[in-house]
Amino acid sequence: MQKYYFLMIKQSEKGKISKIISTFAEKIGKARMVFEYDVLVIGGGHAGCEAASAAAKTGAKTCLITMDMNKIAQMSCNPAVGGIAKGQIVREIDALGGEMGHITDATAIQFRMLNRSKGPAMWSPRAQCDREKYILEWRTTLDQISLLDILQDQAEELLIKDSKVLGIRTLWGIEIRSKAIIVTAGTFLNGLMHIGHKMVEGGRIAEPAVHHFSESIARHGIRVARMKTGTPVRIDKRSVHFEEMKEQLGENDYHQFSYFGKQRTLPQLPCWTCATNAKVHEVLRQGLADSPLYNGQINSIGPRYCPSIETKLVTFPDRDSHPLFLEPEGTDTNEMYLNGFSSSMPWDIQLEALHHIPALRDAKIYRPGYAIEYDFFDPTQLKHSLESKLIEGLFFAGQVNGTTGYEEAAGQGLVAGINAANFCANSKPFVMKRDESYIGVLIDDLTTKGVDEPYRMFTSRAEYRIL
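The rules behind these values
- Residues numbered from 1 in each chain as written.
- Predicted model: local features only at pLDDT ≥ 70, side-chain atom pairs only at ≥ 80, totals over all residues.
- Heavy atoms only, no water.
- Helix = DSSP H or I, 4+ residues; strand = E, 2+ residues; numbered from the N terminus.
- Rg over C-alpha atoms; globule rule 2.2 N^0.38 Å.
- Buried < 20%, exposed > 50% of the residue type's maximum accessible area, 1.4 Å probe, protein only.
- Contact = heavy atoms within 4.5 Å.
- Areas by Shrake-Rupley, 256 points an atom, 1.4 Å probe, with all protein chains shown as cover.
- Lys, Arg positive; Asp, Glu negative; His and termini not counted.
- Charge placed at Lys NZ, Arg CZ, Asp CG, Glu CD.
- Pairing = 2+ DSSP bridges.
- Arc of directions from axis to C-beta.
- Axes fitted to C-alpha atoms, helices over the stretch in contact; angles between N-to-C directions.
- Parallel < 35°, antiparallel > 145°, perpendicular 65-115°, else oblique.
- Nonpolar A, V, L, I, M, F, W, Y, C, P; charged D, E, K, R; others polar.
- Core = buried A, V, L, I, M, F, W, Y, C linked by side-chain atoms within 4.5 Å.
- Phe/Tyr/Trp six-rings, centres within 6.5 Å; stacked < 30°, edge-to-face > 60°.
- Salt bridge = Lys/Arg side-chain N within 4 Å of Asp/Glu carboxyl O.
- Left-handed = near helix turned anticlockwise from the far one by under 90°.

1. Topic: the overall build of the chain
Stage number 1. Scanning the chain from N- to C-terminus turns up 12 helices and 19 strands.
Stage number 2. The C-alpha radius of gyration of the chain comes to 24 Å, within 12% of the 23 Å expected for a compact globule of 467 residues.
Stage number 3. Each principal axis of the C-alpha atoms in the chain carries an extent, and together these give about 90 × 50 × 40 Å.
Stage number 4. With 467 residues in all, the chain has 55% of them scored as buried.
Stage number 5. For the chain, the proportion of contacts with a sequence separation of at least 24, taken over those separated by at least 6, is 73%.
Stage number 6. Of the roughly 20700 Å² of accessible surface on the chain, a fraction of 54% belongs to carbon and sulfur atoms.
Stage number 7. Positive and negative side-chain charges in the chain, numbering 54 and 55 respectively, have mean positions lying 5 Å apart.

Right, here's the structure in full:
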């Protein structure tokens, strides 16, 4: 454009026109709207919600940016909180003033204490939640925090100056300046979903992936790699033969997650158990050639402790059956979650296999299981405060650090939120140690050992758990 106009003007005017064009281009490149905060949290998942809440309640003017305000704290997989070691993390979040515990209690539709046959150090609370009510409860909680703003937009580019965070530029051209930034983008960074040979870009089913943001971080020397996770089929409960399943009731005693919140108030619903069989396995084995996990389509590493049904067949070829748990998604929906049947097989193979389970012979599904690949950042590049060693004021929390699970994400988010606020106030970092917390074990493992698979917390990782 500049060269074209130079041909039409006198030589003496070139300098003046060049300056005008440069000034115009500079104005176009700048954001027309600029907001300023102390702490900016990118991503409204479990890590992001705890981070934003913690930072604002610690006294920092905070902004939470999310692609969809109606899916804040979305439970992308099973709508359940807690479990082995995860339940302990939620109790620690509660003790530190976090929100996950009492929000879980307010939306729980079944509570169980796992590992009761073992010692108290191994007991682990777990609750099945109402998915939609959990989102609403989180949204209501965040709306009541005075120093917290929520913005529906998408981070497009990380702005850095002299190895310090400056802010971000969003998809819609807005610039948000901040002293500290917490990246909690979950599985959205260059997310790619797989069902059989079909691949669709996205961070979650029916939600777009985030492009370019990983690259804007990696160009500053931060190492990025890929991981994989997955989720099972969702079933219409009206098509299930419950009489051929075993009912699994919850516990209606005094137990709950939070020591500050109210007792469970929603109707308590049962879960149901059944199992795969030889015919199911035969159908799945015939479809292995179409599985993205075994046809070369997926090369990234998935969670060892939450394997897909096809991985179970390959890993345990002599097993005649594998247990399955059919769990409710809420009090006002027919949608149920088939725990134990995570898969990225083609839709027709998943459905045919399910129909060979007596209780599911007439099963109708809302959507099939799928796998998803996404970017994460090597957590050994972080301090124990979850601040980057390379870029001052940049924090990471959740699945972007190579973990898996809502609870691991929320624990990291809480720590990152506190430390981002402390960073803005020039206060010393808040660091949890291995001998005093499960969150301390989690963060120490991540920052000193790194990850070669999605990290999941277990009581066995905490060598001081008897204390």
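2. A short note on the pairing of strand S16 (residues 335–342)
Stage number 1. Buried residues dominate S16, accounting for seven of its eight residues.
Stage number 2. Two elements, strand S12 (residues 224–236) and S16, share four bridges in a ladder whose sense is antiparallel. When the bridges of S16 are listed, Arg-234 appears paired with Tyr-337.
Stage number 3. Pairing of strand S15 (residues 323–328) with S16 involves four bridges; the strand directions are antiparallel. Looking at the pairing, Phe-325 lines up with Asn-339 of S16.

3. Describing helix H10 (residues 347–354)
Stage number 1. Listed in full, the buried residues belonging to H10 are Ile-349, Gln-350, Ala-353 and Leu-354. Viewed end-on, H10 has its buried residues packed into an arc of 130°, placing them on one side of the element.
Stage number 2. Lining the buried residues of H10 we find S12, helix H8 (278–286), S16 and strand S17 (365–367).

4. So, the packing of helix H11 (residues 406–424) against helix H12 (residues 438–449)
Two quantities define a packed helix pair, namely the angle between the helix axes and the distance between the axes.
Stage number 1. Orientation of H11 relative to H12, taken along the N-to-C sense of each, is 85°, at an axis distance of 10 Å. Our classification of the angle between H11 and H12 gives roughly perpendicular. Contacts from Glu-408, Gly-411, Gln-412 and Val-415 in H11 reach Ile-439, Leu-442, Ile-443 and Leu-446 in H12.
Stage number 2. The residue inventory of the contact of H11 with H12, partitioned by class, reads five nonpolar, two polar and one charged.

5. Concerning the nonpolar core
Stage number 1. In terms of nonpolar packing, the biggest core is built from 85 residues, with Ile-168 and Phe-213 touching the most fellow members.
Stage number 2. Top contributing element to this core by residue count: H11, with 10 residues.
Stage number 3. What Ile-168 contacts, discounting residues up to four positions off in sequence, is Leu-40, Ile-42, Ile-65, Ala-155, Glu-157, Leu-158, Leu-159, Ile-174, Glu-175, Ile-176, Ile-181 and Phe-213.
Stage number 4. Among the nonpolar cores identified, the runner-up in size contains 26 residues, and Val-233, Phe-341, Met-345 and Leu-360 belong to it.

6. A few points about the packing of aromatic side chains
Stage number 1. As enumerated under the stated definition, the model contains five aromatic pairs in all.
Stage number 2. Relative to Phe-423, the ring of Phe-395 lies with its centre 6.3 Å away and its plane at 80°, an arrangement referred to as edge-to-face. Highlighted residues: Phe-395 in strand S19 (residues 394–396) and Phe-423 in helix H11, separated in sequence by 28 residues.
Stage number 3. The class of Phe-423 is partly exposed, set by a relative accessible area of 23%.

7. Some points on the pattern of salt bridges
Stage number 1. Per the counting criterion, the structure on display carries 30 salt bridges.
Stage number 2. The partner of Glu-329 in a salt bridge is Arg-234, with the nearest N and O atoms 3.3 Å apart. Residue Glu-329 is found in the loop between S15 and S16, and its partner Arg-234 is found in strand S12; the two are separated by 95 residues along the sequence. Grouping residues by exposure puts Glu-329 and Arg-234 together as buried.
Stage number 3. In this structure, Glu-387 and Lys-383 form a salt bridge, with 3.5 Å as the shortest nitrogen-oxygen distance.
Stage number 4. For Glu-387, a relative accessible area of 7% corresponds to the buried category.

8. Some words on the packing of helix H3 (residues 46–57) against H11
Stage number 1. Where H3 contacts H11, the axes come no closer than 7 Å and their chain directions differ by 30°. It follows from the interaxial angle that H3 and H11 lie roughly parallel. Taken as a pair, H3 and H11 cross one another with a handedness that is right-handed. Judged by residue contacts, His-46, Ala-47, Glu-50, Ala-51, Ala-54 and Ala-55 of H3 engage Tyr-406, Ala-409, Ala-410, Gly-413, Leu-414, Gly-417, Ile-418 and Ala-421 from H11.
Stage number 2. Looking at the contact of H3 with H11, its residues break down into 10 nonpolar, three polar and one charged.

9. Some thoughts on the environment of Leu-351
Stage number 1. Within the secondary structure, Leu-351 sits in helix H10.
Stage number 2. Exposure remark for Leu-351: the relative accessible area of 22% places this residue in the partly exposed category.
Stage number 3. Those residues within four positions of Leu-351 in sequence are excluded, and the remaining contacts are Ala-363 and Ile-365.

10. With respect to the sheet that holds strand S4 (residues 108–114)
Stage number 1. Taken together, three strands build an open sheet; the order of strands is S3-S5-S4 and the sheet is antiparallel. Looking at the sheet topology across the chains shown, the edges are occupied by strand S3 (80–82) and S4. Each neighbouring strand pair of the sheet contributes to a mean axis angle of 15°, computed without reference to strand direction.
Stage number 2. Across the sheet, helix H4 (residues 86–95) touches S3, S4 and strand S5 (124–129), and the angle it forms with S5 is around 85°.

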